[in-house]
Amino acid sequence: SNFLDYLRNLIGSKNSNSQILNNSENIENIFQPINDYKPVAEYENLITQTIEKASPAVVSIIISKDVPIFESYYINPFDEDILPPEFREFFEFKIPEYRQKGTQKKQIGAGTGFIISPDGLIVTNKHVVNDKNAEYTIFLNDGRKFNGKVISVHPKDDLALVKINAQNLPTLKLGDSDKIKLGQTVIAIGNALGEFQNTVSVGVISGLRRAITATDDNGNIERLENLIQTDAAINPGNSGGPLINLREEVIGVNTAIVSGAQNIGFAIPINRLKRMISEIKNKGKIEIPYLGIRYILITEEIKNKFNLPVDYGAYVYSEDYNKPAVIPNSPADRGGIKEKDIILEADGKKITPQNSLGNIILNKYVGDIVNLTILRGKEK
């Protein structure tokens, strides 16, 4: 009571308009315990339950390789006959040299994957398992480890399938990435930094149909399109891990981050993985449709640089003089496309950086007919 009197006097002495706060009931209400807000409590329970059910199916992938061991030794550049004996003690030269002394198995990287079948079929990124000379050890959430065999890599997408010899494993369900919406809550799980297994981060869908140019640890550069952007923290080592919704469904495969940025990560939509699995199952191979041109997506900058009449579309052009803009005998060549044509639309869809020609073609199947709207000079 002395403290409340002191507080009332303090407020009243500094603000003559604080009569409402001088009422003891109002002040005492400030110090009452706050009950849990039911929707928040339910939301947190939903997240924790999703993580508990999903985590057992998330695996860590350790990449190992035989690396050479080098030892140092020294040589004297002068023959003993070059210098007289009385001068040798004043001119003692030693040049360090190195030579290989065998090899040793060493961890050279780490990634993440997730199990999609009880008999050990695992999804990860292609860039995690693209070294044919490396070995891949799969660590389950329960501590067991297995040798992983790479059974399929996508020729275009950053996706791969790895198999381990196991049974009755926990699995994750695959959702529908065509139905995701901006602001939707998502959870990323992965082997962060190759050290912190099953690290969890929570965020939202920040963007859709993003396109980036990604570089891996080996300097390989790849153009990735139609990606999901999320602010759920994705760190090195998370590559290949699942991006999960609150229905415990995988909607994306975590693949890239923007270096130096805060919480800008990208995932491959899960429907592309479902298509890959379907093609392997039904055809025994992955078929990638292609048009057969090299092109530049037109922006305001490209329009001004090449003095083009439009600010959208795909400009059929090769920046490498040794590589033709239209590949001979390709579908584009047979269809009559020429260098410096501007492809404005594909099947009635306007071509923009958000809806690139490459992405439109990738969503087709080999043998499909594509109707293109082309601007050649002033004629459409």
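Above: the structure in question.
Residues numbered from 1 in each chain as written. Predicted model: local features only at pLDDT ≥ 70, side-chain atom pairs only at ≥ 80, totals over all residues. Heavy atoms only, no water.

A. Fine view of the pairing of strand 4 (residues 135-139). Here strand 4 runs beside strand 5 (residues 145-153); their pairing, made up of four bridges, is antiparallel. Bridge pairing in strand 5 links Thr137 to Asn147. Counted between consecutive antiparallel strands, the loop separating strand 4 from strand 5 contains five residues, among which Gly143 sits at a positive phi close to 100 degrees. (Pairing = 2+ DSSP bridges. Helix = DSSP H or I, 4+ residues; strand = E, 2+ residues; numbered from the N terminus.)

B. Summary view of the packing of aromatic side chains. Tallying each qualifying case throughout the model produces three aromatic pairs. Note on Phe306 and Tyr315: the rings are 5.3 Å apart at their centroids and 55 degrees apart in plane angle, and the pair reads as tilted. Residue classification places Tyr315 among the buried residues on the basis of a relative accessible area of 6%. Clustering of aromatic rings is evident, with ring pairs tying together Phe306, Tyr315 and Tyr317. It is Arg275 that lies over the ring of Tyr365; its NZ or CZ is 3.9 Å from the centre. Lying over the aromatic face of Tyr312, Lys350 brings its terminal NZ or CZ to 4.2 Å of the ring centre. (Phe/Tyr/Trp six-rings, centres within 6.5 Å; stacked < 30°, edge-to-face > 60°. Buried < 20%, exposed > 50% of the residue type's maximum accessible area, 1.4 Å probe, protein only. Lys NZ or Arg CZ within 6 Å of the ring centre and 35° of its normal.)

C. View of a nonpolar patch on the surface. A cluster of nonpolar residues, Tyr43, Val200 and Val202, forms a patch on the protein surface that exposes about 220 Å² of accessible area. For Val202, the position within the fold is in strand 9 (residues 196-215). What makes Val202 partly exposed here is its relative accessible area of 39%. (Patch = residues over 30% accessible without salt bridge, like charges linked within 9 Å, V, L, I, M, F, W, Y side chains within 5 Å. Areas by Shrake-Rupley, 256 points an atom, 1.4 Å probe, with all protein chains shown as cover. Salt bridge = Lys/Arg side-chain N within 4 Å of Asp/Glu carboxyl O.)

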